[in-house]
Structure formats: structure tokens, C-alpha cells
Amino acid sequence: MRVAFVGKGGSGKTTLSALFARHLARSGAPVLAIDGDINQHLAEALAPDTEAAVAPPLAAHLTELKDFLRGTNPRIASAEAMIKTTPPGGGSRLLRLLGDDEVHARHVGRAGDVPLMVTGAFEESDLGVACYHSKLGAVELYLNHLADTSGEYVVVDMTAGADAFASGLFTRFDITFLVAEPTRKGVSVYRQYRDHAREFGIRLAVIGNKVTGEDDLLFLKEETGDDLLTHLVQSPWVRAAEQGRAQGELEPHNRHALNVLRETVDARPRDWPTLHRHAVELHLRNAQAWADRATGLNLAAQVDPDYVPGPTRRP
């Protein structure tokens, strides 16, 4: 199951992404964390006391990724003809989570207990030339071709704010957790996400963070209503971990909140037809808006009309 963590900058979404990924890994569940934030701090959050073994960024090998994923798909003649939204079809290679393939072998490192894939930082050569979505396109392609199953987890730390809606990546998840502080600024991003999520039928749940009392909780309930799933209290343990001196365990209430997140994810069945339909719709939208013109191709022809990906498909 695929989980995105979003929120205003400074809300604690990277911290929550790391806490949840570590919570899953320590239970023995197969989990992959992906750093999809321009700031690329997830490795440090996952392993604050040790140096992470970070693998080469996914976006740095985009051409190789496209060549591998297109496989023998006759609708995709080359890597150059493949854009970030290109959906899989007959002949495409599907990936198993943490499987024995060249994508995972090259791009999965480790941060503490958690396998980690990174998108890559925004580099000096990108300034004034490219936006970060060009790098996030590698994550979108990876998720488009991932045949994960229930009991497996992909946890993605996304870019701050509502910026994720500038690409099709926001439709690649089974559930999106929006981390919100109990402030007016903290819930402003929620309103943007709520409206866009409803348009596409995206499951959105709010996690209150840094809650210090009943007034904070009441504020979040008034602002987010039934979308408020659970909350975490202000955490001395997290602050100590960020300072490199954490001992013991996360506070009981906050551990309970992580259990609520997992129960919510596990109760959400995967809808492969809808997931693929969103991918196709956004691919056609991109083709018409810019990609046909940029490639000189009719990219609508890349859509295999009778194809739906899933774990029963052979790579």
C-alpha cells in the first residue's frame, strides 16, 4: 500500500514519514521509504544517530529507468518517447516491492532499519532551467510500474504545501496523510488539498501534530472536521532524537497514533482499475497540454486500452 505524507513546511511531515516507516519496519513489514521532498532530509530523520547508506538518486538515472520499465512494450519505441506519466501496458516491466531487479539493486539504500530510495536534491545546474517536478517524474514512473500488494508499504515524504498537485504523483497513493499543526497556517494547506482531493476521489486524512492541549485539538476538529484521523502530542522524544540524544521510546500516545495510521492504511483496499484510470487520464492530459508537441509523437497511442496492472501481472 502506498502512503504519502504532505503538509505545510515545518509541520512535521518528514518526521511523521520517518516515524511511520520505522514503526512498520520494526513490526517486520516490508516497507520502502522514498524521499520525494526537495530538501531531502528523510535519511537523517530515519537514522538520526547513524550515517545512512544512501543509494544513487532515482532521478539521476531517468533514461535507464525508462528503458528498463518499457521492456518490450511495442507502444513505447524508446526511452525518449516515454514521459513521466506514461502508464504500463502489455510488455512493460512491473516491479515487485524490493524485488530482485536492477532498479531496486541500484537505487535502494538503507537508513537505520528502513530501506530508502531518494529522488535527488535540486542541484545548481537545475537553477533557472528545471523545476523539481522533473525529478519527481522518476518517482511517478516507479509507482506507475509497481505491483505492490497488501501488507507491503511504500511511504513517501512529499514536497511541502500543495505543490504535489502540479504533477500526477498525487494520484499514485492509496491514502494521503496531511500533517497539520493547530494553527491557521497549519490548516491552510489542508483546505487546498481537500478541494483537489475531492475532485479526483483521493482519500485524504489529517494528522494533527505538535498538539499541546484540548484547545489545540478542538481547533483542529473545527477546521478539518471528519477528516481529522488522529493526532500526536508535542514530543520531547522527537526533539531529543533530532538533537542526537534520544533514549527510551516514543511517548505512548504518539505510538498509539502510529498504530491508528497503520490500521487505516490496512483497511483501505487497493483499487487497481481506478489507480490505473487516473494514470491514463493524467497521461492524456499531459500529452495534449505539452508532451505531444515536445516529443513530436501522439502519446495517446501509448495507452493500452485493455490493460490494468496488478500483482497478478507478470513483469
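Check the entry above for the structure.
S.K.: Explanation requested: the nonpolar core in the structure shown.
M.R.: Across soluble globular proteins, nonpolar side chains show a tendency to be buried alongside one another. Counting residues in hydrophobic clusters, the biggest one holds 45 residues, and the most contacted among them are Ile 34, Leu 58, Tyr 142, Leu 143 and Leu 178. Residue contacts for Ile 34: discarding those within four places in its chain leaves Leu 42, Met 117, Val 139, Tyr 142, Val 154, Val 155, Val 156 and Asp 157. Counting 38 residues, the second-largest nonpolar core is a separate cluster that includes Ala 29, Ile 207, Ala 241 and Val 265.

S.K.: What exactly am I supposed to notice about the packing of helix α6 (residues 184-200) against helix α7 (residues 214-224) here?
M.R.: Between two packed helices, the angle of one axis relative to the other and the distance separating the axes together describe the packing. Interhelical geometry of α6 versus α7 gives an angle of 25° and a closest axis separation of 11 Å. The pairing of α6 with α7 is recorded here as roughly parallel in orientation. α7 is crossed by α6, and the crossing has right-handed handedness. Here α6 contributes Arg 184, Val 187, Tyr 190 and Arg 191 to the contact with α7, which in turn contributes Phe 219, Leu 220, Glu 223 and Thr 224.

S.K.: Explanation requested: helix α9 (residues 252-266) in the structure shown.
M.R.: Because the α-helix completes a turn every 3.6 residues, residues three or four places apart line up on one side. Given a rise of 1.5 Å per residue, 15 residues ought to cover 21 Å, and the 21 Å separating the end C-alpha atoms of α9 matches this to within 8%. For α9, the complete set of buried residues consists of Asn 254, Ala 257, Leu 258, Val 260, Leu 261, Thr 264 and Val 265. Each buried residue of α9 sits inside an arc of 155° when the element is viewed along its axis, so together they form one side. Those residues of α9 that are exposed and aimed more than 90 degrees away from the buried face are Pro 252 and Glu 263. In this structure, the buried residues of α9 make contact with β1 (2-7), α1 (13-26), β5 (153-157), β6 (175-180), β7 (204-211) and β8 (228-233).

S.K.: Whenever I open this one, the pattern of salt bridges confuses me. Can you help?
M.R.: For side chains of opposite charge, pairing can occur when their charged atoms come near one another. Counted by the stated rule, this structure contains 14 salt bridges. Lys 8 is paired through a salt bridge with Glu 181; the nearest N and O atoms lie 3.4 Å apart. In this pair, Lys 8 is assigned in the loop between β1 and α1 and Glu 181 in the loop between β6 and α6, connecting sequence segments 173 residues apart. With relative accessibility at 22%, the residue Lys 8 sits in the partly exposed group. In this structure, Asp 195 engages Arg 194 in a salt bridge whose closest nitrogen and oxygen atoms are separated by 3.2 Å. Residue classification places Asp 195 among the partly exposed residues on the basis of a relative accessible area of 43%.

S.K.: I tried to follow the sheet that holds β6 on my own but got confused; where do I start?
M.R.: Think of a sheet as strands paired side by side through backbone hydrogen bonds, with each pair either parallel or antiparallel. Taken together, 8 strands build an open sheet; the order of strands is β3-β4-β2-β5-β1-β6-β7-β8 and the sheet is mixed. Bordering the open sheet on either side are β3 (109-111) and β8, each of which pairs with just one other strand. Between one strand axis and the next, the sheet turns through 30° on average, direction left out of account. Sheet analysis places β1 next to β5, joined by 4 bridges and oriented parallel.

S.K.: What should I look at first to understand the packing of aromatic side chains in this one?
M.R.: Describing an aromatic ring pair means giving the distance of the ring centres and the angle of the ring planes. All told, the structure shown has 4 aromatic pairs when counted by the stated rule. With centroids separated by 5.9 Å and ring planes inclined at 55°, the aromatic side chains of Phe 5 and Phe 20 adopt a geometry described as tilted. With Phe 5 in strand β1 and Phe 20 in helix α1, this residue pair connects regions lying 15 residues apart in the sequence. Across the pair, Phe 20 and Phe 5 agree in class, each one buried. With centroids separated by 5.5 Å and ring planes inclined at 55°, the aromatic side chains of Phe 5 and Phe 177 adopt a geometry described as tilted. With Phe 5 in strand β1 and Phe 177 in strand β6, the pair connects residues that are 172 residues apart, well separated along the chain. Neither residue differs from the other here; Phe 5 and Phe 177 are each classed as buried. One aromatic cluster in this structure is built from Phe 5, Phe 20 and Phe 177. Over the face of the ring belonging to Phe 68 we find Arg 93, whose NZ or CZ atom lies 4.6 Å from the ring centre. Directly above the aromatic system of Trp 272 lies the positively charged group of Arg 270, at a separation of 4.6 Å from the ring centroid.

Calculation criteria
Each chain has its residues counted from 1, following the order in which its sequence is written. Where local features are concerned, this predicted model is filtered to residues with pLDDT of at least 70; where side-chain atom pairs are given and counted, the filter is 80 or more; whole-chain, interface and lining totals use all residues. Hydrogens and water are ignored here; the side-chain numbers use all heavy atoms of the structure. Definition of nonpolar core: a set of buried residues of the types Ala, Val, Leu, Ile, Met, Phe, Trp, Tyr and Cys, connected through side-chain atoms within 4.5 Å. Residue exposure (1.4 Å probe, protein chains only): buried if accessible area is under 20% of the type maximum, exposed if over 50%, otherwise partly exposed. The contact definition used throughout considers only heavy atoms, calling two residues in contact when any of these lie within 4.5 Å. Orientation is described by axes fitted as lines to C-alpha atoms, over the contacting stretch for helices, and by angles from 0 to 180 degrees between their N-to-C directions. To qualify as a helix, a DSSP run of H or I must reach at least 4 residues; to qualify as a strand, a run of E must reach at least 2; elements of each kind are numbered from the N terminus. Here is the rule for angles: anything less than 35 degrees is roughly parallel, anything more than 145 is roughly antiparallel, 65 through 115 is roughly perpendicular, and the remaining ranges are oblique. The handedness criterion is simple: a crossing whose near helix is rotated anticlockwise from the far helix by less than a right angle is left-handed, and one whose near helix is rotated clockwise is right-handed. Here a helix's expected span is defined as the number of its residues, less one, multiplied by 1.5 Å. Each direction from the helix axis to a C-beta atom contributes to the arc, which is the arc of those directions. Salt bridge criterion: a side-chain nitrogen from Lys or Arg within 4 Å of a carboxyl oxygen from Asp or Glu. Any two strands between which DSSP finds at least two bridges are classified as paired. Think of it this way: a Phe, Tyr or Trp ring, Trp meaning its six-membered ring, pairs with another when their centres are within 6.5 Å, and the plane angle makes it stacked under 30 degrees, edge-to-face over 60, tilted otherwise. By definition here, charges over rings are those cases where NZ of Lys or CZ of Arg is within 6 Å of the ring centre and within 35 degrees of the ring normal.

Treat this as a map of the structure, not an account of what it does.
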